[in-house]
Number of protein chains: 2
Amino acid sequence: MDRRVKKKDDDTSGKERPTLKTLAFMTGLGVTTVSRALKDAPEIGAETRRRVQLVAKQIGYRPNRAGVRLRTGKTNVISLVLDTEREIMSFVSDIIYGVTEVIADTPYHLIVTPYSRSQDPLDPVRYLVETGSADGVIISRTQPNDPRARYMLERGIPFATHGRTDMGLVHPYHDFDNYAFAGEAVRYLAGRDRNRLALVTPPVGLTYYGHTVNGFADALSEVGASEVPFNTVSIDHTIEQIRMRTAQLMRRDDRPDGIVSSAAAATLAVVAGIEDAGLTLGRDVDVVSKQSSELLHLFRRELLVVNENFRLAGSELARAVLGWIGGKEPGSLQSLSKPGEVLPYRG
Amino acid sequence: MDRRVKKKDDDTSGKERPTLKTLAFMTGLGVTTVSRALKDAPEIGAETRRRVQLVAKQIGYRPNRAGVRLRTGKTNVISLVLDTEREIMSFVSDIIYGVTEVIADTPYHLIVTPYSRSQDPLDPVRYLVETGSADGVIISRTQPNDPRARYMLERGIPFATHGRTDMGLVHPYHDFDNYAFAGEAVRYLAGRDRNRLALVTPPVGLTYYGHTVNGFADALSEVGASEVPFNTVSIDHTIEQIRMRTAQLMRRDDRPDGIVSSAAAATLAVVAGIEDAGLTLGRDVDVVSKQSSELLHLFRRELLVVNENFRLAGSELARAVLGWIGGKEPGSLQSLSKPGEVLPYRG
DNA sequence: TTGGCAATCTGTAACGTTTCAGTATATTGA
DNA sequence: TCAATATACTGAAACGTTACAGATTGCCAA
């Protein structure tokens, strides 16, 4: 008649998810001991430790994330912060996979934190830090003087940037060597007797804009070629804009005979523009382009490509953040990926 | 001399993140009252409610996720489960952005849960459910008899599938009408006097494989065209495989004069294969392809395209899961996106 | 006056974890 | 022998939240 709610603690039904209390009951130990045994604390007897760990494995114990997080503040979350409007498509996909590859056998989860063109890029980062939503952050579209990096450094939250900064501050990053890329591209074109070159730049304001432009300029003077200015577009522009402006450029008398492009999508537009102007790729003009998936050679065999591996970038960035969280020196968590050689189409 | 650790509760420094206790102290109310006032509970006086909410807004109070999660089990997390090897690149990017668009003004976070070819696709879902890591799940690559959907239905966790199932079970989904797509493609090709048609299918085993194949077959008999079997590839195959097999196909005497392709990347390979065989797109053969970004017309103007909007899919899926979590009927959260018309290139 | 009731508000416990401050027992050194 | 110390373990408190079971007040009907 007294059907009151079942008291807790006598829950041996095994249906609920096991907690430390479950383990404590099963092993006859205290909750504290179990907790310490699981994390190999030194003050626990060797046999007890083994016993607890065995039982834990047997019943498939997994620490409750909310419990840990509430108590310790550790979220076991890495956040990837992305611009939902300007990020390269394959970048998003590959970098996510690269990150997940690395965190797969860790307790970390990956959350994607978006922001859009209209917002301050600092907003999402501020949100993450203020709400303590992540143990580590990965950002892209890095600027030489990046307020996000500065902010996170101030607040002491581990992060890694895709691309470098130039503020005299040390933090983990992964970057592709765009200086080398632009240089290689120019030298390759020079080797084909192209000596009036134009550059489709990265977005103005991002650090690798500078790297690319410098690599381009330095190599130009090295090989004695000249630049045909093409400052009206960057790879952030729409396909249509790039196409139109390329067509304009290619109709001029002083048109370039070689173009270096910093992204595959832009290259599609550039080629369209070239053809709009009635010119032929490979004959009238050569184009060297970065790409992150193997599609440009399907597009036009005459294209010359350099591969950039975003999946690798994702892995490196994840490793860097985890390393920092794990106490490594930020300065030791920086990596630069060298471009491979310029590849013409091979049957 | 007695510098013991600062007792809690007298923390008016305002430097720490505010909690309910902070609010309680500031308003002079009890923690319980504050909690209820913030969620508009009816037993709180109108003025008190307003007062609490005002103060909360002023000091930027945000509920601690770990606290809520521990107490209620609510994670405020949606998980997107992805195959890290076979998912279409633009799919990943766009669907993520679609989802984040919808959850942007909710307390939800998006976590990406990956699995790879070698694993059972059920693994990640089981993990999510068993560890209670998400309030809702979105899966793709849906099968007619999908163990993941069945499992989640059994366990009572809200989810939505990209693509339909066919198990007689009701659950939210969003799907593109691939039956209609294949039909439209066939009819369009028939209108151009193409009547020996081949189909580059979706991955065998996924639900939309069946839809596509049926739409193709039904339209074929409707217009009196015939099928050139091309069962050796699907869009899951590599670029190289598709290219090679297309070339083989196109070298045969009974080659098709029209091809319908279910994905843009496959289409690039198909076109390469066609050209490998010495044929010309638009003259010897027409190709109708689905695409999710506007690049096929840059690739070859002769291509005929139908657009599929993955960003929309992401939004719809997110809306569906949130709807289910919010108590709506799963049956009312299903949507089907009709394909637009077949588009030839327009200068 | 009393009891009942509605309207507001409050303290306590609990979610699962880790940390702090122990306790109990065995071991060591002198 | 006794105290000091090392070893192995433990209960209670706390993280921030919500649910439960009251408590207090004022008002009204009987």
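Note: the structure precedes this text.
One structure accompanies this document, and this report is about it. Every chain is numbered independently, its residues counted from 1 as its sequence is written. Each chain is given a letter, starting from A, and each ligand a number, starting from 1, according to the order in which they appear as written. Where local features are concerned, this predicted model is filtered to residues with pLDDT of at least 70; where side-chain atom pairs are given and counted, the filter is 80 or more; whole-chain, interface and lining totals use all residues. Values shown for side chains rest on all heavy atoms present in the structure; no hydrogens or waters enter the calculation.

1. Let's talk about the sheet that holds strand β10 (residues 304-307) of chain A
Residues and elements named next belong to chain A. The condition that has to hold: Pairing between two strands requires that DSSP report at least two bridges joining them. By the criteria applied, helices consist of DSSP H or I runs no shorter than four residues and strands consist of E runs no shorter than two, each listed in order from the N terminus. Residue contacts are defined here by distance: any two heavy atoms, one from each residue, within 4.5 Å place the two residues in contact. Lines are fitted to the C-alpha atoms to define the axes, a helix being fitted only along its stretch in contact, and any angle between axes, read from their N-to-C directions, falls within 0 to 180 degrees.
Strand order in the open sheet made by the 5 strands is β7-β6-β8-β9-β10, with parallel pairing throughout. Two strands in the sheet have a free side with no partner beyond their single neighbour: β7 (226-227) and β10. Two strands pair when backbone bridges link them, and strand β6 (residues 196-200) and strand β8 (residues 258-261) are joined in this way by 4 bridges, in the parallel orientation. Opposite Val 200, over in β8, you have Ser 261 as the bridge partner. Along the sheet, helix α8 (residues 178-191) makes contact with β6, β8, β9 (286-291) and β10, crossing β9 at roughly 155°.

2. Digging into the packing of aromatic side chains
All names here are of chain A. Cut-off, in case you're wondering: When the centres of two rings from Phe, Tyr and Trp lie within 6.5 Å, Trp using its six-membered ring, the rings pair. Their planes under 30 degrees apart give stacked, over 60 give edge-to-face, and anything left gives tilted. Accessible area is worked out with a 1.4 Å probe on protein chains only. A residue is then buried under 20% of its type maximum, exposed over 50%, and partly exposed in between.
Counted according to the given criterion, the structure contains 5 aromatic pairs over all chains. Ring centres 5.4 Å apart and planes at 50° place the aromatic pair Phe 159 and Trp 324 in the tilted group. Highlighted residues: Phe 159 in strand β4 (residues 159-162) and Trp 324 in helix α13 (residues 310-325), separated in sequence by 165 residues. Its relative accessible area of 0% is what places Phe 159 among the buried residues. Taking relative accessible area as the criterion, Trp 324 reaches 16% and is therefore assigned buried.

3. Examining the relation of the copies chain A and chain B
Under the convention used in this document: Alignment of the copies relies on least squares applied to C-alpha atoms, considering only residues that score at least 70 for pLDDT in both.
Structural alignment of chain A on chain B gives an RMSD of 0.0 Å, achieved by rotating through 180° and translating 0.0 Å along the axis. The two molecules are tied by a two-fold rotation axis, judged by turn and shift. An overlap of 100% is found between the interface residues of chain A and their copies at the interface of chain B, pointing to a shared contact surface.

4. Examining α13(A)
All names here are of chain A. Put simply, the rule is: To estimate the expected span of a helix, subtract one from its residue number and multiply by 1.5 Å. We call two N or O atoms a polar contact when they sit within 3.5 Å, provided that within protein one can donate a hydrogen and the other can accept it, with sequence-adjacent residues counted only if both atoms are side-chain atoms.
A rise of 1.5 Å per residue sets the reference length of α13, with its 16 residues, at 22 Å; its end C-alpha atoms lie 22 Å apart and thus fit the reference within 8%. Taken residue by residue, α13 has Phe 310, Ala 313, Gly 314, Ser 315, Leu 317, Ala 318, Ala 320, Val 321, Leu 322, Gly 323 and Trp 324 as its buried positions. Next to the buried residues of α13 lie β1 (77-83), α5 (89-103), β3 (136-139), α7 (147-155), β4 and β5 (173-176). The backbone nitrogen of Arg 311 has a side-chain oxygen 3.0 Å away, supplied by the residue at the start of α13, namely Asn 309. Just downstream of α13 lies Gly 327, where phi reads positive at about 100°.

5. What about the interface of chain A and chain B?
Put simply, the rule reads: Defined here as a combined quantity, buried area equals the accessible surface (1.4 Å probe) lost by two parts on assembly, summed across both. What counts as a salt bridge is simple: a side-chain nitrogen of Lys or Arg found within 4 Å of a carboxyl oxygen of Asp or Glu. Note on residue categories: nonpolar means Ala, Val, Leu, Ile, Met, Phe, Trp, Tyr, Cys or Pro, charged means Asp, Glu, Lys or Arg, and polar means any other residue, Gly included.
Chain A puts 43 residues into the contact, and the matching count from chain B is 43 residues. Between chain A and chain B the total buried area reaches about 3800 Å² when both faces are included, carbon and sulfur atoms providing 62% of it. On the chain A side of the contact with chain B, A:Met89, A:Tyr97 and A:Leu298 bury the most area, a combined 18% of that side's loss. The interface formed by chain A and chain B includes 2 salt bridges. A:Asp276 is the partner of B:Arg301 in a salt bridge, and the nearest nitrogen-oxygen pair spans 2.9 Å. One can count 16 residue pairs in polar contact (both at pLDDT 80 or more) joining chain A with chain B. Taken together, the elements giving at least two residues each to the side of chain A that touches chain B come down to α4 (65-72), β1, α5, β2 (109-115), α6 (122-130), α10 (239-251), α11 (264-276) and α12 (296-299) of chain A. If one sorts the elements of the side of chain A that touches chain B by residue count, α5(A) sits on top with 8 residues. Residues belonging to the side of chain A that touches chain B are distributed by class as follows: 20 nonpolar, 10 polar and 13 charged. Examined bridge by bridge, β2(A) and strand β2 (residues 109-115) of chain B share 3 bridges and lie antiparallel to one another. Its bridge partner lying in β2(B), A:Val112 is registered against B:Leu110.

6. With respect to the sheet that holds strand β10 (residues 304-307) of chain B
Residues and elements named next belong to chain B. With parallel pairing, the 5 strands of this open sheet are ordered in space as β7-β6-β8-β9-β10. Edge positions in the sheet fall to β7 (226-227) and β10, since each has one partner strand and no second. Direction of pairing for strand β6 (residues 196-200) relative to β7: parallel, over a ladder of 2 bridges. Each bridged residue has a counterpart across the sheet, and for Arg 196 the counterpart in β7 is Ser 226. Sitting on the sheet, helix α8 (residues 178-191) is in contact with β6, β8 (258-261), β9 (286-291) and β10, with an inclination near 155° to β9.

7. Focus: the protein's contact with DNA strand C
Here is the rule we go by: A molecule or strand has a residue near it when one of that residue's heavy atoms lies within 4 Å.
Neighbouring DNA strand C are 28 residues; A:Tyr61, A:Arg71, B:Gly30, B:Thr32 and B:Thr33 lie closest to it. In DNA strand C, the atoms that sit within 4 Å of the protein are 59% sugar and phosphate, with bases accounting for the remainder. Between DNA strand C and B:Gly45 there is a distance of 2.9 Å, counted from a phosphate oxygen to a backbone nitrogen or oxygen. Within the residue set of the surface near DNA strand C, elements represented by two or more residues are α1 (20-27), α2 (31-38) and α4 of chain A together with α2 (31-38) and α4 (65-72) of chain B. In terms of residue class, the surface near DNA strand C is made up of 8 nonpolar, 12 polar and 8 charged.

8. Focus on the environment of B:Asp254
All names here are of chain B. Mapped onto the fold, Asp 254 is located in the loop between α10 (239-251) and β8. Residue classification places Asp 254 among the partly exposed residues on the basis of a relative accessible area of 35%. Setting aside residues no more than four positions away along its own chain, Asp 254 makes contact with Arg 196 and Val 228.

9. Concerning the pairing of β4(A)
Residue and element names in this part refer to chain A. Spelled out, the test is: With the strands aimed away from the viewer, a crossover counts as right-handed if its path from the first strand over the helix to the second runs clockwise.
Judged by which residues are buried, β4 turns out to be covered on both faces: Phe 159 and Thr 161 on one side and Ala 160 and His 162 on the other are all buried. One ladder, built from 3 bridges, connects β3 with β4; its direction is parallel. Across the sheet, the residue bridging to Val 137 is Phe 159, located in β4. Crossover handedness for the path β3 to α7 to β4: right-handed. Relative to β5, β4 is paired through 2 bridges, and the arrangement is parallel. Among the inter-strand pairings, Thr 161 is bridged to a residue of β5, identified as Tyr 173.

10. Focus: the nonpolar core
This is how it is decided: Remark: nonpolar core denotes a set of buried residues (Ala, Val, Leu, Ile, Met, Phe, Trp, Tyr, Cys) joined through side-chain atoms within 4.5 Å.
Residues A:Ile96, A:Val137, A:Met152, B:Ile96, B:Val137 and B:Met152 are the most contacted members of the largest nonpolar core, which totals 82 residues. Sequence-distant contacts of A:Ile96, that is, excluding residues within four places in its chain, are made with A:Leu80, A:Phe91, A:Leu110, A:Val112, B:Ile96 and B:Val112. A:Phe230, B:Leu206, B:Val228 and B:Met250 belong to the second largest nonpolar core, which has 60 residues in total.

11. Thoughts on the protein's contact with DNA strand D
What surrounds DNA strand D is a group of 28 residues, the closest being A:Gly30, A:Thr33, B:Lys39, B:Tyr61 and B:Arg71. Within 4 Å of the protein, the atoms of DNA strand D are drawn from sugar and phosphate moieties in a proportion of 58%. B:Ser35 places a side-chain nitrogen or oxygen 2.7 Å from a phosphate oxygen of DNA strand D. Considering only residue class, the surface near DNA strand D consists of 8 nonpolar, 12 polar and 8 charged.

12. Some points on the packing of α5(A) against helix α5 (residues 89-103) of chain B
Two numbers describe a pair of packed helices, the interaxial angle and the distance between the axes. Stated precisely, the cut-off is as follows: Note that the term roughly parallel is reserved for angles under 35 degrees, roughly antiparallel for angles over 145, roughly perpendicular for angles of 65 to 115, and oblique for everything else.
Running from N to C, α5(A) and α5(B) cross one another at 90°; their axes reach a closest spacing of 8 Å. Judged on the interaxial angle alone, α5(B) and α5(A) are roughly perpendicular. Facing A:Met89, A:Ser90, A:Val92, A:Ser93, A:Asp94, A:Ile96 and A:Tyr97 of α5(A), the residues of α5(B) in contact are B:Met89, B:Ser90, B:Val92, B:Ser93, B:Asp94, B:Ile96 and B:Tyr97. Of the residues belonging to the contact of α5(A) with α5(B), the class tally is 8 nonpolar, 4 polar and 2 charged.

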